[in-house]
Amino acid sequence: MKFVIVSERPRPSVRYEKVGRLRPGETGEIEVILDGHGVIRTIPTGDFVLVLNGLFLPDLELSESGNRIVISGKYTVLVKQVRGMIRDWPKKKAALFIREER
């Protein structure tokens with residue numbers, strides 16, 4: 001007898017493309033860097049800590065699964081990488097992705 005799982009909610013296929021990185025800044029802020037464009041904004045580290053603890057901020061939000069942080073509704077970064085970056089400050093960086101639905 002075969003075991004089959006049928007999805008109850010259809011989802012479009014999603015593709016994540018790396019477009020930049022988050023880098024620790026000199027003043028305790030996190031710099032959002034796009035490849036080829038440089039720093040597009042800086043975000044206080046405390047704002048990321050608040051989002052990781054479940055609080056809502058206007059330009060930062062946690063995904064439904066809790067695995068990603070969405071910046072300005074456009075860019076995505078993995079929670080695991082942000083936690084590692086904050087923990088090992090200033091040695092680590094985090095990859096910045098853009099989400100594309102197909």
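Up top is the structure.
Basis of the calculations
Residues numbered from 1 in each chain as written. Predicted model: local features only at pLDDT ≥ 70, side-chain atom pairs only at ≥ 80, totals over all residues. Heavy atoms only, no water. Axes fitted to C-alpha atoms, helices over the stretch in contact; angles between N-to-C directions. Helix = DSSP H or I, 4+ residues; strand = E, 2+ residues; numbered from the N terminus. Parallel < 35°, antiparallel > 145°, perpendicular 65-115°, else oblique. Left-handed = near helix turned anticlockwise from the far one by under 90°. Contact = heavy atoms within 4.5 Å. Nonpolar A, V, L, I, M, F, W, Y, C, P; charged D, E, K, R; others polar. Buried < 20%, exposed > 50% of the residue type's maximum accessible area, 1.4 Å probe, protein only. Pairing = 2+ DSSP bridges.

Participant: Let's hear about the packing of helix 1 (residues 45–52) against helix 2 (residues 79–87): which residues, and what values?
Facilitator: One way to put it is that helix 1 packs onto helix 2 with a least axis distance of 11 Å and a crossing angle of 135°. Regarding the angle of helix 1 to helix 2, the classification is oblique. As helix 1 packs across helix 2, the resulting crossing turns out to be left-handed. Contacts between helix 1 and helix 2 involve Thr45, Phe48, Val49 and Leu52 on the former and, on the latter, Val79, Val82, Arg83 and Ile86. Among the residues making up the contact of helix 1 with helix 2, the classes are represented as 6 nonpolar, 1 polar and 1 charged.

Participant: Got a sec to walk through unusual backbone geometry? Specific residues and values, please.
Facilitator: Put simply, Trp89 and Pro90 share a cis peptide bond, and its omega is -10°. Here Pro90 lies in the loop between helix 2 and strand 7 (94–101). Phi at Ser72 is positive, roughly 55°, even though this residue is not glycine. Tracing the chain through its elements places Ser72 in the loop between strand 5 (68–71) and strand 6 (75–78).

Participant: An account of the pairing of strand 2 (residues 29–34) is requested, with residue identities and associated values reported.
Facilitator: Of all 6 residues in strand 2, 5 are buried, a share of seventy percent or more. As paired elements, strand 1 (residues 14–24) and strand 2 share 5 bridges and run antiparallel to each other. When the bridges of strand 2 are listed, Gly20 appears paired with Leu34. Between strand 1 and strand 2, which pair antiparallel and follow one another directly, the connecting turn spans 4 residues, one of which, Gly28, has a positive phi of 85°. Connecting the antiparallel pair strand 2 and strand 3 (residues 38–44) is a turn made up of 3 residues, with Gly36 showing a positive phi of about 85°.

Participant: How would you sum up the sheet that holds strand 4 (residues 60–62)? Please name residues and give values.
Facilitator: Whenever strands of a sheet pair, they do so through backbone hydrogen bonds, lying parallel or antiparallel. If you trace the 7 strands from one edge of the open sheet to the other, you get 3-2-1-7-6-5-4, paired in antiparallel fashion. Since the sheet does not close on itself, it has two edges, and those belong to strand 3 and strand 4, each with one partner. For this sheet, the mean inter-axis angle between neighbouring strands, taken without regard to orientation, is 35°. As paired strands, strand 4 and strand 5 are joined by 3 bridges and run antiparallel to one another. Counterpart to Leu62 in the pairing with strand 5 is Ile69. Strands in contact with helix 2 are strand 1, strand 2, strand 4, strand 5, strand 6 and strand 7; relative to strand 6, the strand with the most contacts, it is inclined by about 65°.

What is shown is where atoms sit, not what they do.
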